[in-house]
Amino acid sequence: MAGAREDQAAPPPPPPRPQLDLNHPPMDEDAPAGKLSRLEHQRSVGDDPSFRMENLPEEIQPVVMSLFPLKEAVRTSIVARSWRMLWRFHSNLCFYGPNDLDYDSDEYDDTDEQAIDDFIKIKRDNFIEDVIEFDLKMINYPSKEVHHFPLDTLDVQGSSFVQSLFLADVSIKPYSDVRGFSILRRLVLQYVQIFGDLRGLLANCSALEDLAIIECSGVANLSMPHKLDKLQHSLIDKTYVRMVKFHAADLAHFEYKGLEIPIVLHGCSKLEKATMMFKGGKGLGRVFTLVPSILPVKILHMRADILGYEQLEKLTTRSHGMFTRLRHMTCQLFVRYSELKDDNGVLQVGHCLNVAPQLETLHLNMIYLIIYGQVNHEVAVEEEDSPMRRHDHVKNVYMSGFRLYKAQKKLAFSILENASVLERMQLEPRVRVVADKAAICDMLNDRVERKFVPQVCEWARLTSLRFGKVVTAPSE
């Protein structure tokens, strides 16, 4: 009886486990019937030894390759002999020399001119939806050998496939009857030697939105007889031309850094922002007098040198010379002096405020650079009581590099006296670091907390009490 009870209490033996069929894996009863067929189809394609990527339609191969990061795409060339050239279908290749700069685009180390030419031909013959972004950056400037970039290879009669073109440290020979850039939207030339008709090339870039010409040579002038109606941003940086003249109805941001030259911007009713730097001791005043085309801007960034005890330039306050829409101004000043009293040019900022009656914010960064061994032989300039007139819109003023020098204090007093609605003046003894003067800025900021911060804080406190306005400085 006991044995019978034990037999009754024992659980039934488990059913035998089904044999796993590797060719037909189990499937959930609720899964769609089509899922198995898709899996079988994928397996059959992957297991088929005759399947090769190059057997895909030609228009599909570049799509597949473009999904890989560039370095992974290049690695596919070792999979099989037939895959060796598929990486060249990648849509964003960057050729560069031994010294690579910090760029965000993909890179491939190859400076052989024939390889570049072959690559362009492949891209031209296998483009997808007429769109290619091409960045060629041979950054080893100044290089011993300048490679020639064959623009004519990109020029396919009746076809356009380049939307973005970045060339650096190469030479080009543009020509006026080029037709391959009608959908080009971005053109950046850096350290490029230009032999040919650049203006003719630009005239055929009817879709161009962004143009940057940086430290290029071979361009006499940029007087464009044709309209660039799509152009929104233009940068001319250290490219020494005799004139800049654009017809650009959509231009929103204009940047120029270089010598004082005539600059004319026709029909730029949408211009909102300008960045200007004229070389020379009076570059600050020249920004307000030499380029009337930028009068309508709302944002103005300036960079200027102030040399010695220079004569201030009084600016016209007549309506045709006023920045009536200007709201925000940033000014980077390099004050080059032999004695600290030679910083009178800082007061030019006060005259600039007089021609910007609607200005609301001013950011002023002052970097003092001593000139050793130079004696000032100029006749002393009669100082003004206040370079600034009454201003009813300035609300916020920020000064960096403020170290209680004579002209700095005089400018601060002038603003506090005449800015009727000023909400806050912030004084910072540290200079704001400028990219191309980073080492100098770091040196000037060394031990600034001990040398200048306590004095500036106390001066700000006393000045705030004197004028009854908020004047702040960073605490120790």
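Residues numbered from 1 in each chain as written. Predicted model: local features only at pLDDT ≥ 70, side-chain atom pairs only at ≥ 80, totals over all residues. Heavy atoms only, no water.

### Observations concerning the sheet that holds strand 3 (residues 147-148)
Argument step 1. Across the sheet, which stays open at both edges, the 3 strands sit in the order 3-5-7 with parallel pairing between neighbours. Each edge of the sheet is formed by a strand with only one pairing partner; in this case those strands are strand 3 and strand 7 (193-194).
Argument step 2. Looking at chain direction, strand 5 (residues 170-172) and strand 7 are connected through 2 bridges and run parallel. Counted as the bridge partner of Ser171 is Gln193 from strand 7. (Pairing = 2+ DSSP bridges. Helix = DSSP H or I, 4+ residues; strand = E, 2+ residues; numbered from the N terminus.)

### Describing the confidence of the model for the protein
Argument step 1. Chain-level statistics for the protein give a pLDDT mean of 75 and a share of 65% at 70 or above.
Argument step 2. In the model, residues 126-132 has pLDDT below 50 throughout and makes 18 contacts with residues more than four positions away in sequence or in other chains. (pLDDT = per-residue confidence, 0-100. Contact = heavy atoms within 4.5 Å.)

### Some points on the packing of helix 10 (residues 406-418) against helix 13 (residues 453-467)
Argument step 1. In contact at an axis separation of 11 Å, helix 10 and helix 13 are set at 30 degrees when each is read in the N-to-C sense. Overall, the two elements helix 10 and helix 13 adopt an arrangement that is roughly parallel. Of the two possible hands of crossing, helix 10 and helix 13 adopt the one that is right-handed. Contact with helix 10, carried on its side by Lys409, Ala412, Phe413, Leu416 and Glu417, involves Trp459, Thr463, Arg466 and Phe467 of helix 13 and no other residues of that element. (Axes fitted to C-alpha atoms, helices over the stretch in contact; angles between N-to-C directions. Parallel < 35°, antiparallel > 145°, perpendicular 65-115°, else oblique. Left-handed = near helix turned anticlockwise from the far one by under 90°.)

### Regarding helix 13
Argument step 1. Taking 1.5 Å as the rise per residue, helix 13 with 15 residues should run 21 Å; its terminal C-alpha atoms sit 21 Å apart, in good agreement.
Argument step 2. Elements that come into contact with the buried residues of helix 13 comprise helix 10, strand 19 (424-428), helix 12 (448-451) and strand 20 (471-472).
Argument step 3. Of the residues one or two after helix 13, Gly468 is the one with positive phi, at around 65 degrees. (Expected span 1.5 Å × (residues − 1).)

### Some remarks on the nonpolar core
Argument step 1. Met276, Ile294, Leu300 and Met399 are the most contacted members of the largest nonpolar core, which has 97 residues in total.
Argument step 2. Not counting the four nearest positions on each side in its chain, Ile294 is found in contact with Leu265, Leu271, Ala274, Met276, Val287, Leu300 and Phe323.
Argument step 3. Among the nonpolar cores identified, the runner-up in size contains 7 residues, and Phe334, Val431, Val434 and Cys441 belong to it. (Core = buried A, V, L, I, M, F, W, Y, C linked by side-chain atoms within 4.5 Å. Buried < 20%, exposed > 50% of the residue type's maximum accessible area, 1.4 Å probe, protein only.)

### Some remarks on the sheet that holds strand 11 (residues 244-247)
Argument step 1. Taking strand neighbours across the sheet as the criterion, the 3 strands line up as 9-11-13 in an open arrangement whose pairing is parallel. Two strands lie at the open edges of the sheet, namely strand 9 (222-223) and strand 13 (263-266), each paired on one side alone.
Argument step 2. The pairing of strand 9 with strand 11 spans 2 bridges and is classified as parallel. By the bridge assignment for strand 11, Ser223 is matched with Lys245.

### Some words on the environment of Arg403
Argument step 1. The residue Arg403 is located in the loop between strand 18 (396-400) and helix 10 in this model.
Argument step 2. C-alpha of Arg403 to C-alpha of Glu428: the two residues are 25 residues apart in sequence and 8.2 Å apart in space.
Argument step 3. In this view, Arg403 contacts Gln408, Pro429, Arg430, Val431, Leu444, Asn445, Val448, Phe452 and Val456; residues no more than four positions away in its chain are not counted.
Argument step 4. At a separation of 2.9 Å, a polar atom in the side chain of Arg403 contacts the main-chain carbonyl oxygen of Pro429. (Polar contact = N/O pair within 3.5 Å; in protein donor to acceptor, adjacent residues only side chain to side chain.)

### Let's talk about helix 10
Argument step 1. With 13 residues, helix 10 should reach 18 Å at 1.5 Å per residue; the first-to-last C-alpha distance of 19 Å fits that figure.
Argument step 2. Three or more residues of helix 10 are buried, namely Ala407, Gln408, Lys410, Leu411, Ala412, Ser414, Ile415, Leu416 and Asn418.
Argument step 3. Where the residues of helix 10 are buried, they touch helix 9 (348-354), strand 17 (361-370), strand 18, strand 19, helix 13 and strand 20.

### Topic: unusual backbone geometry
Argument step 1. Backbone geometry at Tyr191 places phi at a positive 55 degrees, although glycine is not the residue there.
Argument step 2. With respect to the helices, strands and loops of the structure, Tyr191 is situated in the loop between strand 6 (186-190) and strand 7.
Argument step 3. For Tyr191, a relative accessible area of 17% gives the class buried.
Argument step 4. The backbone phi angle of Lys238 is positive, close to 55 degrees, even though this residue is not glycine.
Argument step 5. By the element assignment, Lys238 lies in the loop between strand 10 (233-237) and strand 11.
Argument step 6. Lys238 gets classed as partly exposed once you look at its relative accessible area, which sits at 28%.

### Looking at the pairing of strand 18
Argument step 1. Relative to strand 18, strand 17 runs parallel, the two being bridged by 5 bridges. Directly across from Leu362, in strand 18, lies its bridge partner Val397.
Argument step 2. Bridge analysis of strand 18 against strand 19 gives 5 bridges, and the strand direction is parallel. From the neighbouring strand, Val397 faces strand 19, where its bridge partner is Met425.
Argument step 3. In this view, the connection linking strand 18 to its parallel neighbour strand 19 by way of helix 10 has right-handed handedness. (Right-handed = clockwise from strand over helix to strand, strands pointing away.)

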